[in-house]
Amino acid sequence: MENKLAELGRAKRNASLLLAAAAAVFVATMALPENRWLLALRAVAEAAMVGGMADWFAVTALFRRIPTGIPFITAHTEVIPRSKDRIADNLALFVKEKFLAPDTLVALIRKNDPARYVARWLTDEANTRLLGQYVARAVEGALHMVEDARIEQLLRDGVREVFAGMDLTESLAGVLDALTAEGRHEQLLEQAIAKAMEWLERPGTRDWIAAQIVDWLKEEHPRKQKMLPTHWIGENAAAVIANAVHQRLEAIRANPEHEYRQLFDRAVHDFVAKLQTQPELRARGEQVKQYILQDPKFGTYVGGLWASLKHWLGEDLRRPDSAFHRAVAGAGGWLGLQLAQDAELRRALTAQMEEAARGLAPDFAEFLTVHIRDTIRHWDAHDMADQIELNIGKDLQAIRINGTLVGGAIGLGLHLLTYTPALFAGLSR
């Protein structure tokens, strides 16, 4: 601001000094004896004064009122302050039509290919870390802004609304029916058998079984256990039990037609059928739902989930190795990689941006147009004129200087033209 004021002040002084110099030369020529060269110099100074004064009036009249005593001329000074509202309307309309038209935005999107830019930006690890930092800061700030009581009540109301419109029996039947389709429940059984076999092979599992056997002997046969090697019995019995169960599970896993598999399959299908047909199970599901909806402990538990989540998230965001930060950065990197490798995905994203521009541009353009217009209309007219002069005034003062110099050159040319008749007369003799 200070630099602009200083530059504007220097430009005004230079233009005024040049005008004053032209006036001084004109006055000096009036006091000296006339000759051909003096008359030419006077013509230059006179025309320079006319050009300089005319441009001074034109430039000054843009920003300030100049009382000339002639109403018509005075009425056309102070142009910018008097035209503030018209400038506001026209500038807002110009921005709307030239910058925010849907076709203009779509052309801009196609020209710059923002999807490719996003892909290139997100594939840079430094950028994804930066993205994670920004999102983490935004989330941390949001955590301090929200009201916990309202969030907890919102969660409780939301969960109750979901449960109120849900048929638990029908939903459970649908889930199980989807699990049994194409033998998916067999895959779950395979995973359960594998986990059970892994659990039985652990030394800690066998130690636990042995401990249970020793405790049983001590409780059921307190006298006999004193004479028996209870720990040896427990360890060997645990090994026998674990091996027997492991062998049976291995047999079930190895034989797709094993009777236990068939029992499991029939039990699952029978249970799904009962859920879909028996009114007793449907009524039981309704009782469970009503209990959940009316139980205050359930509401307290759901509300407490927000407090737990907020506490965990707040602690995580304060750590240098924040899991949330890593997750956001990782997601950004993955998205960038997918966009970089998949041209069709980039085209689809660009098409979505174009569609969004077409749909949102009219409303956004109207909002921004009203904002620009109303903002300028509320400005003080003279403050606005001062700001415009501050930014373009130096160039306008250059126009004053040019007007003085060009006026002087034109004055010299016109003065020389006055000698044309005498020149032609001399040539004709």
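Scroll up to find the structure.
These numbers come from a predicted model, not from an experiment.

**Considerations on the overall build of the protein**
Consideration 1: A count of helical and extended segments in the protein gives 21 helices and zero strands.
Consideration 2: Looking at the protein as shown, the accessible area adds up to about 28,600 Å², and 62% of this sits on carbon and sulfur atoms.

**Focus: the nonpolar core**
Consideration 1: If you look at the biggest cluster of nonpolar residues, it comprises 13 residues, and the most contacted ones within it are Phe 63, Ile 80, Ile 372 and Ile 376.
Consideration 2: Leave out the neighbours within four places in its chain, and Ile 376 touches Lys 84, Ala 88, Leu 91 and Met 384.
Consideration 3: Core analysis: the second largest hydrophobic core is formed by six residues, Ile 193, Met 197, Leu 249 and Ile 252 among them.

**Thoughts on the environment of Ala 307**
Consideration 1: By secondary structure assignment, the location of Ala 307 is in helix α17 (residues 296-318).
Consideration 2: Counting along the chain gives 159 residues from Ala 307 to Asp 148, while the straight-line C-alpha distance between them is 7.5 Å.

**Notes on the packing of aromatic side chains**
Consideration 1: Applying the stated rule across the entire model yields one aromatic pair.
Consideration 2: On the numbers, 5.8 Å between centres and 75 degrees between planes, the contact of Phe 94 with Phe 99 is edge-to-face.

**Here we look at a nonpolar patch on the surface**
Consideration 1: Nonpolar side chains collect at one region of the surface, where Val 406, Ile 410, Leu 414 and Leu 417 lie side by side and expose about 380 Å² of accessible area between them.
Consideration 2: By the secondary structure assignment, Val 406 is in helix α20 (residues 381-417).
Consideration 3: Take Val 406: its relative accessible area is 45%, and that puts it in the partly exposed class.

**Considerations on the packing of helix α1 (residues 2-31) against α20**
Any two packed helices are characterised by how steeply their axes cross, that is the angle between the axes, and by the distance between the axes.
Consideration 1: Contact geometry of α1 with α20 gives a least axis separation of 9 Å together with a crossing angle of 15 degrees. Relative to α20, the element α1 is oriented roughly parallel. The chirality of how α1 crosses α20 is left-handed. Along the contact surface, α1 presents Lys 4, Leu 5, Glu 7, Leu 8, Ala 11, Lys 12, Asn 14, Ala 15, Ser 16, Leu 18 and Leu 19, while α20 presents Glu 389, Leu 390, Asn 391, Gly 393, Lys 394, Gln 397, Arg 400, Ile 401, Thr 404 and Leu 405.
Consideration 2: In the contact of α1 with α20, the residues fall into nine nonpolar, six polar and six charged.

**Some words on the side chain of Glu 354**
Consideration 1: By the secondary structure assignment, Glu 354 is in helix α19 (residues 343-377).
Consideration 2: Glu 354 gets classed as buried once you look at its relative accessible area, which sits at 11%.
Consideration 3: Each residue touching Glu 354, except ones within four places of it in the same chain, is listed here: Val 106, Ile 109 and Arg 110.

**What about helix α2 (residues 36-63)?**
Consideration 1: Its 28 residues give α2 an end-to-end C-alpha distance of 42 Å, which sits within 8% of 40 Å, the value for a rise of 1.5 Å per residue.
Consideration 2: Capping the start of α2, Asn 35 holds a side-chain oxygen 3.0 Å from the backbone nitrogen of Trp 37, two or three residues further along.

**Description of α1**
Consideration 1: With 30 residues, α1 extends 43 Å between its outermost C-alpha atoms, agreeing within 8% with the 44 Å of an ideal straight helix rising 1.5 Å per residue.
Consideration 2: Looking only at α1, the buried set comprises Leu 8, Ala 11, Ala 15, Leu 19, Ala 22, Phe 26 and Thr 29.
Consideration 3: Tucked into the core, α1 has its buried residues touching α2 and α20.

**Thoughts on the packing of helix α8 (residues 125-145) against helix α18 (residues 323-341)**
Consideration 1: For the pair α8 and α18, the least separation of the axes is 8 Å and the interaxial angle reads 130 degrees. Between α8 and α18, the angle is such that the two are oblique. Our pair here, α8 against α18, has a crossing hand that is right-handed. Two secondary-structure elements touch here, α8 through Thr 128, Arg 129, Leu 131, Gly 132, Gln 133, Val 135, Ala 136 and Val 139 and α18 through Phe 324, His 325, Val 328, Ala 329, Gly 332 and Gly 333.
Consideration 2: Of the residues in the contact of α8 with α18, the class split is seven nonpolar, six polar and one charged.

**Looking at the pattern of salt bridges**
Consideration 1: A complete count under the given rule lists 17 salt bridges for this structure.
Consideration 2: With its nearest N and O atoms 3.9 Å apart, the salt bridge here joins Arg 64 to Asp 386. With Arg 64 in the loop between α2 and α3 (71-74) and Asp 386 in helix α20, the pair connects residues that are 322 residues apart, well separated along the chain.
Consideration 3: With a closest N to O distance of 3.5 Å, Arg 202 and Glu 198 form a salt bridge.
Consideration 4: A relative accessible area of 44% places Arg 202 in the partly exposed class.
Consideration 5: Residues joined in a network through salt bridges with shared partners are Lys 12, Arg 64, Asp 386 and Glu 389.

**Considerations on unusual backbone geometry**
Consideration 1: For Glu 78, which is not glycine, the phi torsion reads 55 degrees and is therefore positive.
Consideration 2: When you line up the elements, Glu 78 lands in the loop between α3 and α4 (79-82).
Consideration 3: Residue Glu 78 is classed as buried on the basis of its relative accessible area of 16%.
Consideration 4: Not every positive phi belongs to a glycine, and Asp 113 is a case in point at roughly 50 degrees.
Consideration 5: Overall, Asp 113 belongs to the partly exposed group, its relative accessible area being 24%.

**What about the environment of Leu 390?**
Consideration 1: Topologically, Leu 390 is positioned in helix α20.
Consideration 2: Separated by 382 residues in the primary sequence, Leu 390 and Leu 8 have C-alpha atoms spaced 6.8 Å apart.

Analysis parameters
Position labels on residues start from 1 in each chain and follow its written sequence. Only residues with pLDDT of at least 70 get local features here, since the model is predicted, and only at 80 or more are side-chain atom pairs given and counted; chain-wide, interface and lining totals rely on the full set of residues. Hydrogens and water molecules were not included; the side-chain quantities draw on all heavy atoms of the structure. Segments assigned H or I by DSSP are reported as helices when at least four residues long, segments assigned E as strands when at least two residues long, and all are numbered from the N terminus. Using a 1.4 Å probe, the Shrake-Rupley method yields the accessible areas, and only the shown protein chains count as cover for residues. For our purposes a nonpolar core is just a set of buried Ala, Val, Leu, Ile, Met, Phe, Trp, Tyr and Cys residues, chained together by side-chain atoms within 4.5 Å. A 1.4 Å probe rolled over the protein chains alone gives each residue an accessible area, and that area as a share of the maximum for its type sets the label: buried under 20%, exposed over 50%, partly exposed in between. Whether two residues touch is decided by their heavy atoms; if any such pair falls within 4.5 Å, the residues are in contact. Pairing of aromatic side chains here covers Phe, Tyr and the six-membered ring of Trp, requires ring centres within 6.5 Å, and sorts the geometry by plane angle: under 30 degrees stacked, over 60 edge-to-face, intermediate tilted. Only residues whose relative accessible area exceeds 30% and that take part in no salt bridge are eligible for patches, with like-charged residues grouped when within 9 Å of each other and nonpolar side chains (Val, Leu, Ile, Met, Phe, Trp, Tyr) grouped when within 5 Å. Throughout this description, the term salt bridge denotes a Lys or Arg side-chain nitrogen within 4 Å of a carboxyl oxygen of Asp or Glu. Only C-alpha atoms enter the line fits that serve as axes; for helices the fit covers just the stretch in contact. Angles between N-to-C directions range over 0 to 180 degrees. Roughly parallel refers to an angle under 35 degrees, roughly antiparallel to one over 145, roughly perpendicular to one between 65 and 115, and oblique to any angle outside these ranges. Handedness of a helix crossing follows the sense of rotation of the near helix relative to the far helix, less than a right angle counterclockwise being left-handed and clockwise being right-handed. Side-chain classes are defined by residue name, with Ala, Val, Leu, Ile, Met, Phe, Trp, Tyr, Cys and Pro counting as nonpolar, Asp, Glu, Lys and Arg as charged, and the others, Gly among them, as polar. Take the number of residues in a helix, subtract one, and multiply by 1.5 Å to get its expected span. Whenever a nitrogen or oxygen atom comes within 3.5 Å of another N or O atom, the pair is scored as a polar contact, on the condition that within protein one atom can donate a hydrogen and the other can accept it, and that pairs from neighbouring residues in sequence are kept only if both atoms are in side chains.

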